[in-house]
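If you want the building blocks of each chain, they are given just below.
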Amino acid sequence: MTSALREDEAARLLGDLVALRTVNPMGRPYHGGGPVERPVIEYLERLFAPFAVSCRRISASPIHESLLVSIPGRTAGPAALLEAHIDTVPADDWSDTAFTPRREGGRIIGRGACDDKGSLAAMTLALADLLRSGQRPASPVLFLAAGDEEYGQTGIKTFLADLPTPLAWAVFGEPTGCIPVIQHKGVIRWDVSVAGRSAHSSRPELGRNAILDMMRLCDRLAAHEAALRARHTNPLTGGPSITVTTIQGGRTRNMVPDQCTVAVDFRIAPGMDGRQALEELQAAITWPGLSVSHSPPQCLAPALNTSPDDPLVARALAACEQHLGRPVAAAGAPYCSDAGWIPAGAPALVLGPGDIADAHAVGESVAIAEVMQAAAIYRQLVDG
Ligand SMILES: [Zn+2]
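Reading the values: the criteria
The residue numbers shown here count from 1 along each chain, following its written sequence. In keeping with the model being predicted, local features are shown solely for residues with a pLDDT of at least 70 and side-chain atom pairs are shown and tallied solely at 80 or more, while totals for entire chains, interfaces and linings include all residues. With hydrogens and water stripped out, all remaining heavy atoms of the structure feed into the side-chain values. The start and end points of each domain follow an automatic or database-based domain assignment. Two residues qualify as a contact provided that any one of their heavy atoms is within 4.5 Å of a heavy atom in the partner residue. Buried area is understood as the total, over both parts, of accessible area removed when two parts are fitted together, assessed with a 1.4 Å probe. We define a salt bridge as a contact between a side-chain nitrogen of Lys or Arg and a carboxyl oxygen of Asp or Glu at a distance within 4 Å. Definition of a polar contact: a pair of N or O atoms within 3.5 Å, with one able to donate and the other able to accept a hydrogen when the atoms are protein atoms, and with sequence-neighbouring residues admitted only if both atoms are side-chain atoms. For helices the rule is a DSSP run of H or I covering at least 4 residues; for strands it is a run of E covering at least 2, with both sets numbered from the N terminus onward. All amino acids are sorted into three groups, where Ala, Val, Leu, Ile, Met, Phe, Trp, Tyr, Cys and Pro are nonpolar, Asp, Glu, Lys and Arg are charged, and the leftover types, Gly among them, are polar. For Na, K and Ca the donor cutoff is 3.2 Å, while for all other metals N, O and S atoms must lie within 2.8 Å; water is not among the atoms, so some sites may look incomplete. Using a 1.4 Å probe on the protein chains alone, a residue whose accessible area is under 20% of its type maximum counts as buried, one over 50% counts as exposed, and one in between counts as partly exposed. At least two bridges found by DSSP between two strands is the condition for calling them paired. Inter-axis angles, ranging from 0 to 180 degrees, are taken between N-to-C directions of lines fitted to C-alpha atoms, where helices are fitted over the stretch in contact. Of the two site types, the cavity is a set of points on a 1 Å grid over the protein atoms alone where a 1.4 Å probe fits but cannot get out, and the pocket is an open set with protein on both sides within 12 Å along at least five of seven lines, each lined by residues with an atom within 4 Å of a point. Grid points are joined across faces, edges and corners, and a volume is the space filled by probe spheres set on the points. Within this scheme, the nonpolar core is defined by two criteria: the residues are buried Ala, Val, Leu, Ile, Met, Phe, Trp, Tyr or Cys, and they are joined through side-chain atoms within 4.5 Å.

### Things to note about the domain arrangement of the protein chain
And step 1. When the domains of the protein chain are assigned, the result is domain 1 (7–184 + 303–383) and domain 2 (186–301).
And step 2. For domain 1 and domain 2, the distance between their C-alpha centres works out to 35 Å.
And step 3. Counting residues at the interface gives 15 residues for domain 1, matched by 13 residues for domain 2.
And step 4. Carbon and sulfur atoms supply 60% of the area buried between domain 1 and domain 2, which totals about 990 Å² over both sides.
And step 5. Here domain 1 and domain 2 share zero salt bridges between them.
And step 6. At the surface where domain 1 touches domain 2, the tally comes to one residue pair in polar contact (both at pLDDT 80 or more).
And step 7. When contributions to the side of domain 1 that touches domain 2 are tallied by element, the ones reaching two or more residues are strand 8 (181–184), strand 14 (304–305) and strand 15 (331–333).
And step 8. Class assignment of the residues belonging to the side of domain 1 that touches domain 2 gives a composition of 11 nonpolar, four polar and no charged.

Right under this line is the structure:
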């Protein structure tokens, strides 16, 4: 492997990517002229234009698109997938300098520097370096610069629905401190509503108090969480969790409330099936006479469950140890990522520069040296 990764190139690329605004509206009204990700997609198309690769835009919706860069391998056959996302969370709380990247103490600071443009830059650097070397990778490489990871995950889902070639393995760039995350939880979010009967609050016996029913239901959610945690233990990620995140109910101060709705965030552990877990939960929290209804899931993202014994994990650990210069162990994470969508059969892991604590925060930053290390690790992985 000949490699000529350069720090000034990394810093310039990352700065350019941060300066190109690709803010996901996250379900709020969007007034942009084209897909959120378009500025970065046009930039990457220009960057890869001198090389013998194919670049294809994949539309996920009128406001989101991804770019797929395909690099032929020395042999045909299943492809390696590198994926990082282009969209960022908004910067409403950091409007002054979020998109004017600064370089300070070896770090680039700006919205998306860590999540996820550090990984996007590192993958781009690794592949540009490979292409400049004139060598072909062992097997074909697909590089998906994905749209809409932060809200609907429509970028990865659209790509996988029409997969151009089977996958051998996949690496998803997200801030993990360049440690391979081989398992993470999945998440299901939806609303639970309880209907009661209104009455004058001086005669509560004439009504049915939906808030009181909801309190009992929340007790049942807690009991179900305890039962699930006893059944599903995972040393890397921790067990499942059920969190009520919003509540609204009642109409006026002097009426028995006839309705109450909570939003539920249900984190499933690796190995749990989301649909089945949801059905089981819904059966466990009801009782005769309760009028309960469930909205369709706003989000149902699978867990990632790669075996520690998979050869991809050994290769990733060896590459990380070589380029970080210290022992590295495979890790798990409580959050979820696009990696959970990879079909069983192709091992996947999450690995990228930066600290998840910096993601989505004011002053978000990433170390340029870490972006370089990630680029070297990706380069070694695709060289096979
Ligand atoms: Zn991310």
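### Examining the coordination of the zinc ion
And step 1. Protein-derived coordination of the zinc ion comes from His85 (NE2), Asp115 (OD) and Glu174 (OE), at a distance range of 1.9 to 2.1 Å.
And step 2. Written as a sequence motif, the donor arrangement for the zinc ion is H-x29-D-x58-E. In this pair, His85 sits in strand 3 (residues 79–85) while Asp115 sits in the loop between strand 5 (107–109) and helix 3 (117–133), placing the two residues 30 residues apart along the sequence. The same class applies to His85 and to Asp115, which are both buried.

### Details of the sheet that holds strand 5
And step 1. If you walk across this open sheet you meet the three strands as 4-5-17, and the pairing is antiparallel. Unpaired on one side and paired on the other, strand 4 (102–104) and strand 17 (365–367) mark the two borders of the sheet. Taken over all neighbouring pairs, the strand axes of this sheet differ in orientation by 25° on average, direction set aside.
And step 2. Of the strand pairs in this sheet, strand 4 and strand 5 are connected by three bridges, and their pairing is antiparallel. Note on strand 5: the bridge partner recorded for Arg102 is Ile109.
And step 3. This element, helix 8 (residues 368–383), spans strand 4, strand 5 and strand 17 of the sheet and lies at about 65° to strand 17.

### Some words on the environment of His184
And step 1. When you line up the elements, His184 lands in strand 8.
And step 2. A relative accessible area of 0% means that His184 is categorised as buried.
And step 3. Dropping the residues within four chain positions of it, His184 is found in contact with Thr237, Pro270, Pro302, Ala303, Leu304, Ala333, Tyr335, Cys336, Ser337, Ala339, Gly340 and Val350.
And step 4. Within the structure, the side chain of His184 is placed 3.0 Å from the side chain of Ser337, a separation counted as a polar contact.

### Considerations on the layout of surface pockets
Vacant regions in the atomic arrangement are exposed by a probe of water-molecule size rolled over the atoms.
And step 1. Taken as a whole, the largest pocket spans an internal volume of roughly 500 Å³.
And step 2. Around the largest pocket sit 22 residues that line it, and Glu149, Glu150, Arg189, Cys336 and His360 are the ones nearest its centre.
And step 3. Mapped by element, the contributors of at least two residues to the lining of the largest pocket are strand 9 (186–195) and strand 13 (299–301).
And step 4. Class assignment for the residues of the lining of the largest pocket results in 10 nonpolar, five polar and seven charged.
And step 5. Both domains that meet at the lining of the largest pocket, namely domain 1 (7–184 + 303–383) and domain 2 (186–301), each give it at least three residues.
And step 6. Each pocket or cavity is described by its volume, and for the second largest pocket that value is around 320 Å³.
And step 7. Along the walls of the second largest pocket sit 20 residues, with Ala303, Asn305, Ile342, Pro343 and Ala344 positioned nearest its centre.
And step 8. Here the residues of the lining of the second largest pocket are counted per class, giving 13 nonpolar, six polar and one charged.
And step 9. Composition of the lining of the second largest pocket by domain shows at least three residues from each of domain 1 (7–184 + 303–383) and domain 2 (186–301).

### Looking at the nonpolar core
And step 1. Leu82, Val171, Leu351 and Tyr378 are the most contacted members of the largest nonpolar core, which totals 60 residues.
And step 2. Discounting chain neighbours no more than four positions away, the residues touching Leu82 are Met123, Leu127, Leu142, Phe143, Leu144, Trp169, Val171, Tyr378 and Val382.
And step 3. With 24 residues, the next largest nonpolar core counts Leu217, Leu228, Ile268 and Ala269 among its residues.

### Some remarks on the side chain of Thr306
And step 1. Secondary-structure assignment places Thr306 in the loop between strand 14 and helix 7 (311–324).
And step 2. You can call Thr306 buried: its relative accessible area is 6%.
And step 3. Setting aside its immediate chain neighbours within four residues, Thr306 contacts Ile182, Gln183, Val313, Pro347 and Ala348.

### Looking at the pairing of strand 3
And step 1. Counting buried positions over the seven residues of strand 3 gives seven, a clear majority of the element.
And step 2. With burial as the criterion, each face of strand 3 is covered, one bearing Ala79, Leu81, Glu83 and His85 and the other bearing Ala80, Leu82 and Ala84.
And step 3. The pairing of strand 3 with strand 7 (residues 167–172) spans five bridges and is parallel. Residue pairing across strands places Leu82 opposite Val171, the latter belonging to strand 7.
And step 4. For strand 3 and strand 6 (residues 141–146), the ladder comprises six bridges, and the chain directions are parallel. In the sheet register, Glu83 faces strand 6, and the bridge partner there is Leu144.

### Quick notes on the pattern of salt bridges
Two side chains bearing opposite charge may form a pair once their charged atoms approach each other closely.
And step 1. Counted by the stated rule, this structure contains 17 salt bridges.
And step 2. Between Arg379 and Asp383 there is a salt bridge, with its nearest N and O atoms 3.1 Å apart. On the criterion of helical spacing, the pair formed by Arg379 and Asp383 is a turn pair, its members being four residues apart in helix 8. Here Arg379 matches Asp383 in class, with each residue buried.
And step 3. Residues joined by salt bridges that share partners form a network here, namely Asp129, Arg379 and Asp383.

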